[in-house]
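Read off the chains here:
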Amino acid sequence: FSMPRYLKEKSPEVSVDVVEIDPDVVNAAKEFLELKEECNVFIGDGRQVLRQQSVSYDLIVNDAFRGVRKIPFHLVTQEFHQIVRQKLTPKGLYAINSLGHPVNSLLVRSVLRTVQQEFEHVSLLYDGREAEQNLWILASQEPISAGHSPPISEINGRLLTDDNAPVEFLVATDLVQTP
């Protein structure tokens, strides 16, 4: 809950919705992180909750990956990104927090390719080193001024769909390739 709390601290007028699948995480945040009513917290699966919302968002953050091995495949598919695109305002930004090599990761390239199917502008935000690291994939229908816009030829990963999203295979391939 650090990012939502930071957003509320910097812009108290902003409405922040957070989805967390684990009720124990929400309880721990309330008890130990002094999470109050500053955020609207929904307990459930992010895809299901987002689909049910009747509001549009200026920013949707997909921060559901727990390390490199625990990636909910249904949150990286083309069908999920269609839901995200529909729930964003016309100038809205979609941000995916991930881990991988910005150039060599088959997982990162596959998520980039899949996101590109739904968004006109895609950018990769990382520290400039070509090493495995925490990175952000940004997507919007509007131009993005942050990060690196990968050339179309570099976005050569797999198209991830609800019927074909071998996330574990992509992660394993990345792990084998990592020096």
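Up top you'll find the structure we're talking about.
Residues numbered from 1 in each chain as written. Predicted model: local features only at pLDDT ≥ 70, side-chain atom pairs only at ≥ 80, totals over all residues. Heavy atoms only, no water.

A. Broad picture of the overall build of the protein chain. Along the protein chain, the regular secondary structure elements total six helices and six strands. Written out in order from the N terminus, the α and β elements of the protein chain read α-β-α-β-α-β-α-β-α-β-β-α. The C-alpha radius of gyration computed for the protein chain amounts to 16 Å, which stays within 12% of the reference 16 Å derived for 179 residues, consistent with globular compactness. When its C-alpha atoms are laid out on the principal axes, the protein chain stretches across 45 × 35 × 35 Å. Within the protein chain, the fraction of its 179 residues that count as buried is 43%. In the protein chain, 67% of the contacts between residues at least 6 apart in sequence involve partners at least 24 apart. On the protein chain, roughly 10200 Å² of surface is accessible, and the fraction owed to carbon and sulfur atoms is 50%. Placing the 17 positive and 25 negative side-chain charges of the protein chain at their respective mean positions leaves the two points 1 Å apart. (Helix = DSSP H or I, 4+ residues; strand = E, 2+ residues; numbered from the N terminus. Rg over C-alpha atoms; globule rule 2.2 N^0.38 Å. Buried < 20%, exposed > 50% of the residue type's maximum accessible area, 1.4 Å probe, protein only. Contact = heavy atoms within 4.5 Å. Areas by Shrake-Rupley, 256 points an atom, 1.4 Å probe, with all protein chains shown as cover. Lys, Arg positive; Asp, Glu negative; His and termini not counted. Charge placed at Lys NZ, Arg CZ, Asp CG, Glu CD.)

B. Inspection of the environment of Asn 40 at higher detail. Checked against the element boundaries, Asn 40 lands in strand β2 (residues 40–43). Note: C-alpha distance between Asn 40 and Tyr 6 (34 residues apart in sequence) is 14 Å. Here Asn 40 is in contact with Ser 15, Val 16, Asp 17 and Val 18, once residues within four sequence places are set aside. Within the structure, Asn 40 has its side chain in polar contact with the side chain of Asp 17 (distance 2.7 Å). (Polar contact = N/O pair within 3.5 Å; in protein donor to acceptor, adjacent residues only side chain to side chain.)

C. Structural context of the pattern of salt bridges. This structure, assessed with the given rule, holds three salt bridges. Taking the shortest distance from any N to any O, the salt bridge between Arg 129 and Asp 127 comes out at 2.8 Å. (Salt bridge = Lys/Arg side-chain N within 4 Å of Asp/Glu carboxyl O.)

D. Region of interest: the sheet that holds strand β3 (residues 57–62). Spatially, the four strands line up as an open sheet ordered β3-β4-β6-β5, and their pairing is mixed. Taken across any chain shown, the strands that pair with only one partner, and hence form the sheet edges, are β3 and β5 (121–125). Neighbour-to-neighbour, the strand axes of the sheet open up by a mean angle of 15 degrees, direction not taken into account. Taken together, the five bridges between β5 and strand β6 (residues 133–140) define a ladder with antiparallel strand orientation. (Pairing = 2+ DSSP bridges. Axes fitted to C-alpha atoms, helices over the stretch in contact; angles between N-to-C directions.)

E. Representation of the packing of helix α5 (residues 106–116) against helix α6 (residues 167–177). Remark: α5 packs on α6, axes separated minimally by 8 Å, with the N-to-C direction vectors making an angle of 135 degrees. Comparing their axes, α6 and α5 come out oblique. For the pair α5 and α6, contact is made by Leu 106, Leu 107 and Ser 110 and by Val 167, Leu 170, Val 171, Thr 173 and Asp 174, respectively. Looking at the contact of α5 with α6, its residues break down into five nonpolar, two polar and one charged. (Parallel < 35°, antiparallel > 145°, perpendicular 65-115°, else oblique. Nonpolar A, V, L, I, M, F, W, Y, C, P; charged D, E, K, R; others polar.)

F. Representation of a nonpolar patch on the surface. Together, Met 3, Tyr 6, Leu 7, Leu 59 and Val 61 give the surface a local cluster of nonpolar side chains, amounting to about 400 Å² of exposed area. Every element with two or more residues in the nonpolar patch is listed here: α1 (2–10) and β3. With three residues, α1 is the single largest residue contributor to the nonpolar patch. Mapped onto the elements of the fold, Met 3 is located in helix α1. Among the residues examined, Met 3 registers a relative accessible area of 33% and is labelled partly exposed. (Patch = residues over 30% accessible without salt bridge, like charges linked within 9 Å, V, L, I, M, F, W, Y side chains within 5 Å.)

G. Just the pairing of strand β1 (residues 17–20), in detail. Of the two faces of β1, only the one carrying Val 18 and Glu 20 is buried; Asp 17 and Val 19 on the other face are not. Where the polypeptide runs from β1 across helix α2 (residues 23–32) and back to β2, its parallel neighbour, the crossover connection is right-handed. (Right-handed = clockwise from strand over helix to strand, strands pointing away.)

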